[in-house]
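# Structure at a glance
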Amino acid sequence: MAAMSQQPASGAGAPVPVEIVVDGVSKRYGPVQALVDIKLRIAAGEFVTLIGPSGCGKTTLLKTIGGLVAADAGRVQIGDRVVSRPTRQCAMVFQDFALLPWATVQRNVEFGLLLQGAPPADRAQRARRYIKRVGLGGFEDAYPSQLSGGMQQRVGLARALAVNPQVLLMDEPFASIDEQTRRLFQDDLLALWSEERKTVVLVTHSMEEAIYLSDRVVVLSPRPGRVHTTLDVPLPRPRELSEVRGSGDFARLVDDLWKILRKLQ
Amino acid sequence: MDTSAPETGQGRTTLIAVGGLLIAWEIVGRLGVSLFVPPVSQIAVVWWTLVRDATIPRAAAGSLLSLVKGFVPAVVLGVSIGLAMGRFASVRYVLAGPINTLMSAPLSALVPVLIALFGLRDTVVAATVFMFSFFVIVVNTETGVRGTDRSLIEMARMFGASEAGLFWRIYLPAALPALMLGVRLGVIQAVKGMVVGEMLISLVGLGERLVYYGNTFLITHLYAVIGSVLIIALAAAQLTQALDRALVRWK
């Protein structure tokens, strides 16, 4: 019997979700103490949202988990590996989409696989598959400038999923997308997530979004950024197929979150 | 599709404007207002004579060779140095001073230096072409690299891009539109450099013919050669523009 590998293969097969442990992470930018002694444990396959007022360091924390930002103190562990730089375990979805304007949708979705050295045939096939899964089948040859914001972010999501990461990091992915598109997109994200259980860390400003999507909401307080509260979201899943948004429980949880955030403003 | 319609419209307007100008010139020429305004038809006839007796082709061949010998190195070196300056602050600190100084210096002032370096041979024309076109290519390429979207760099790093990967897959394509603008501006400068070099320094090629016909008051011949220089300049501009369109299709 082969031992279970935590290395995500760049080929087919769903990777095993992994736990993320943030252990005493601090980060300072010049005179600004962005993060102080952050301790956080995110279970394998859990969907966690980071929320907090501007300047609470939530994006910095996300980038530290991804290995893009080096912590001054403390460490991040994903599975059994200590994070020191970006690795194949994580993929990120960016607020401004970060699509290559000179490349087609197909090429953009292939880009992560290309940088990770996947063979061309495999690349093309995986990209086509994920373009379809995010609902953009038929747009393979379009350029980003020809797509709406929502569609561009779907390309960003397909690019992240195509490399088959164990952890999906999302930095305010829906912030620049209009409300109706956002709701549909959130439902599609939940459907995709239920098929490919990945550990997801999402940064957002939206309380509704945090409650609707997450298993747990982590509230950060600003200057310096600390973990203020953690709020469990015991709403049933799959939420995308039900009327969760209209339920009293949903409203109550959003209200609880607001009461916490209001004190932090 | 939707961009082609206004473009042909624009092309037609340009054609009408140029045609109108030529007709006006012809009329003024025929009225005999000045010795210095011969009719366009007469210039065309002289031009054709000079083409058939190989005067213009021989001169143009020499000029074009100098243009290529100066412009190709200017593009290769200009793009390389511009990329390095855009990517590495240390290179920028070292080269920004000299390059900005030379770029704003009146290049004709450097003519004696060029003569000292290259003598009065054809090479000096290539050197002038290089001097005229090099800097605008460097500066535009550098600007293009420095304007690279930070989030694209972060995205590529997140997927594990190496330094080389970042360079080839992000910085270079991101810089391409500005780089190509530099090449397009550079080629126009290069034609100027060619004429300046041939007229002021070396007395070869089309520049030599310009000086000769000017000094001997063969005004119609002079205009025929000026016309040839304009054709070269237009052709060079069109060629680089076509290259730009082919490389930067996504814009």
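See above for the structure.
An account of the accompanying structure is given in this report. (Residues numbered from 1 in each chain as written. Chains lettered and ligands numbered in written order. Predicted model: local features only at pLDDT ≥ 70, side-chain atom pairs only at ≥ 80, totals over all residues.)

### A few points about the overall build of chain A
Within chain A, the regular secondary structure consists of 7 helices and 10 strands. What you see for chain A is a C-alpha radius of gyration of 18 Å, in line with the 18 Å of a compact globule of 265 residues. Within the span of chain A, comprising 265 residues, buried residues form 43% of the whole. Contacts spanning at least 24 positions in sequence make up 71% of the contacts within chain A whose residues lie at least 6 apart. (Helix = DSSP H or I, 4+ residues; strand = E, 2+ residues; numbered from the N terminus. Rg over C-alpha atoms; globule rule 2.2 N^0.38 Å. Buried ≥ 20, exposed ≤ 12 C-beta atoms within 10 Å, placed from the backbone. Contact = placed C-beta atoms within 7 Å.)

### Some details on the overall build of chain B
Tallying secondary structure elements over chain B gives 10 helices and 0 strands in all. Ordered by position from the N terminus, the helices and strands of chain B form the series α-α-α-α-α-α-α-α-α-α. The principal-axis extents of the C-alpha atoms in chain B amount to approximately 70 × 55 × 30 Å. Counting over 251 residues, chain B shows a buried share of 37%. The long-range share in chain B, meaning contacts at least 24 apart out of those at least 6 apart in sequence, stands at 77%.

### Focus: the sheet that holds strand S10 (residues 226-232) of chain A
Two orientations exist for strands paired in a sheet by backbone hydrogen bonds: parallel and antiparallel. Residues and elements named next belong to chain A. The 6 strands lie next to each other as S6-S7-S8-S3-S9-S10, forming an open sheet whose pairing is mixed. Every other strand in the sheet has two partners, leaving strand S6 (90-93) and S10 as the edge strands with one partner each. On average, adjacent strands in this sheet sit at an angle of 20° to one another, irrespective of strand direction. The pairing of strand S3 (residues 47-51) with strand S8 (residues 199-203) spans 4 bridges and is parallel. Each residue of the ladder has a partner; that of Val-48, found in S8, is Val-201. Each of S6 and strand S7 (167-171) is contacted by helix H4 (residues 149-162), which is oriented at about 180° to S6, the strand it contacts most. (Pairing = 2+ DSSP bridges. Axes fitted to C-alpha atoms, helices over the stretch in contact; angles between N-to-C directions.)

### Focus on helix H3 (residues 120-133) of chain A
Residues and elements named next belong to chain A. An ideal rise of 1.5 Å per residue puts 20 Å on 14 residues; H3 measures up with 20 Å between its terminal C-alpha atoms. Arg-123, Arg-126, Ala-127, Tyr-130 and Ile-131 are the residues of H3 that are buried. Angular distribution of buried residues about the axis of H3 spans 135°; they occupy a single face of the element. Directly beyond the C-terminal end of H3, a positive phi value near 85° is found at Gly-135. (Expected span 1.5 Å × (residues − 1). Arc of directions from axis to C-beta.)

### Some remarks on H4(A)
Residue and element names in this part refer to chain A. Its 14 residues give H4 an end-to-end C-alpha distance of 20 Å, which sits within 8% of 20 Å, the value for a rise of 1.5 Å per residue. Of all the 14 residues making up H4, 12 are buried; the element is thus mostly covered by neighbouring parts of the structure. Turning to H4, its buried residues number three or more, namely Met-151, Gln-152, Gln-153, Arg-154, Val-155, Gly-156, Leu-157, Ala-158, Arg-159, Ala-160, Leu-161 and Ala-162. Turning to H4, the residues buried within the fold contact S6, helix H2 (105-115), H3, S7 and helix H5 (179-195). Count one or two residues on from H4 and you reach Asn-164, which has phi positive near 55°.

### Quick look at the pairing of S8(A)
Residue and element names in this part refer to chain A. Across the 5 residues that make up S8, a large majority, 5, are buried. Neither face of S8 is open: one carries Thr-199, Val-201 and Val-203, the other Val-200 and Leu-202, and all of them are buried. Across 5 bridges, the pairing between S7 and S8 is parallel. Residue pairing for S8: Asp-171 is matched across the bridge by Val-203. The parallel pair S7 and S8 is bridged by H5, and the resulting crossover is right-handed. (Right-handed = clockwise from strand over helix to strand, strands pointing away.)

### Remarks on the interface of chain A and chain B
A common measure of how large an interface is: the accessible area buried when the components associate. Chain A puts 18 residues into the contact, and the matching count from chain B is 13 residues. Counting residues per element, the side of chain A that touches chain B draws most heavily on H2(A), at 3 residues. The class makeup of the residues in the side of chain A that touches chain B is 12 nonpolar, 4 polar and 2 charged. (Nonpolar A, V, L, I, M, F, W, Y, C, P; charged D, E, K, R; others polar.)

### Considerations on the nonpolar core
The biggest cluster of nonpolar side chains holds 130 residues, and the ones touching the most others in it are Ile65(A), Ala158(A), Leu169(A), Val201(A), Val129(B) and Ala190(B). The residues touching Ala190(B), leaving out its near neighbours within four places in the chain, are Leu67(B), Gly70(B), Phe71(B), Ala74(B), Val129(B), Phe132(B) and Ser133(B). (Core = buried A, V, L, I, M, F, W, Y, C linked by C-beta atoms within 7 Å.)

### Quick word on the environment of Gly66(A)
Note on placement: Gly66(A) falls in helix H1 (residues 58-66). Look at Gly66(A) and you get buried, because 25 C-beta atoms sit within 10 Å. Remark: the alpha-carbon pair of Gly66(A) and Glu243(A), spanning 177 residues in sequence, is separated by 34 Å. Not counting residues within four places of it along the chain, the set of residues in contact with Gly66(A) comprises Pro86(A), Cys90(A), Met92(A), Leu169(A) and Met158(B).

### Description of the environment of Ala103(A)
Assignment of secondary structure puts Ala103(A) in the loop between S6 and H2. Separated by 41 residues in the primary sequence, Ala103(A) and Pro144(A) place their C-alpha atoms 7.7 Å from one another.

### Quick look at unusual backbone geometry
Residues and elements named next belong to chain A. Residue Arg-223 is joined to Pro-224 through a cis peptide bond whose omega torsion reads -5°. Of note, Pro-224 is situated in the loop between strand S9 (216-221) and S10. At the junction of Arg-237 and Pro-238, the peptide bond is cis and its omega measures out at 0° in the coordinates. Tracing the backbone shows Pro-238 in the loop between S10 and helix H7 (248-264). Positive phi, close to 55°, is recorded for Asn-164, a residue that is not glycine. Structurally, Asn-164 is set in the loop between H4 and S7.

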